[in-house]
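# Coordinate inspection notes
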Amino acid sequence: MHIYKILTSVEASSFRASGFFVGNALDRKSGFIHMSRTLDQCSQVRSKYYKDVPDLRLLTIRTKTFPSDELKYEGINAYPHLYAVLPYTSVIKDEEYSR
């Protein structure tokens, strides 16, 4: 199974270089890394948080790399929340996320 993470190109470049991602400002404020379960959820997140942000990346993340106590599906729409550092080794695909 897999989930998705939207990043700016700058965030994605830093993630690739360091090998891990501790979250953006919203993630750190929330105490977990926000993810999406489906491409439809990605679209909703993009419209709400990244409406006018150019150069986005969509990362596909392998879920089996996380223990169940670190990856939780929460809220009415069961968005995945990662309560851990995201290692780049869990990324299956890193692609441009265009409209």
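Residues numbered from 1 in each chain as written. Predicted model: local features only at pLDDT ≥ 70, side-chain atom pairs only at ≥ 80, totals over all residues. Heavy atoms only, no water.

## Comments concerning unusual backbone geometry
For clarity, the threshold we go by: The helix and strand labels rest on DSSP assignments: H or I over at least four residues marks a helix, E over at least two residues marks a strand, and numbering proceeds from the N terminus. Summary of the burial criterion: residues with accessible area below 20% of their type's maximum are buried, those above 50% are exposed, and those between are partly exposed, where the area comes from a 1.4 Å probe applied to protein chains only.
Phi is positive for Asp55, which is not a glycine, with a value near 55°. Mapped onto the elements of the fold, Asp55 is located in the loop between α3 (39–49) and β4 (56–62). Overall, the relative accessible area of 57% leaves Asp55 in the exposed class. With a phi angle near 55°, Ala78 is a residue other than glycine that sits in the positive phi range. Assignment of secondary structure puts Ala78 in the loop between β5 (71–74) and β6 (79–82). Judged by its relative accessible area of 24%, Ala78 is partly exposed.

## A short note on the sheet that holds strand β8 (residues 91–96)
Operational definition: DSSP bridges decide pairing: two strands pair if at least two such bridges lie between them. In this analysis an axis means a line fitted to C-alpha atoms, helices contributing only their contacting stretch, and an angle means the value between N-to-C directions, from 0 to 180 degrees. Residue contacts are counted whenever heavy atoms from the two residues lie within 4.5 Å of one another.
Taking strand neighbours across the sheet as the criterion, the 3 strands line up as β1-β4-β8 in an open arrangement whose pairing is antiparallel. Strands at the two margins of the open sheet, each flanked by one partner only, are β1 (2–8) and β8. Across the sheet, the mean angle separating the axes of adjacent strands is 20° when strand polarity is ignored. Direction of pairing for β1 relative to β4: antiparallel, over a ladder of 7 bridges. For Ile6, the partnering residue across the bridge sits in β4 and is Leu58. Each of β1, β4 and β8 touches helix α1 (residues 9–18); the most contacted strand, β1, lies at about 115° to it. The sheet contacts of α3 involve β1 and β4, and relative to β1 the element is tilted by about 25°.

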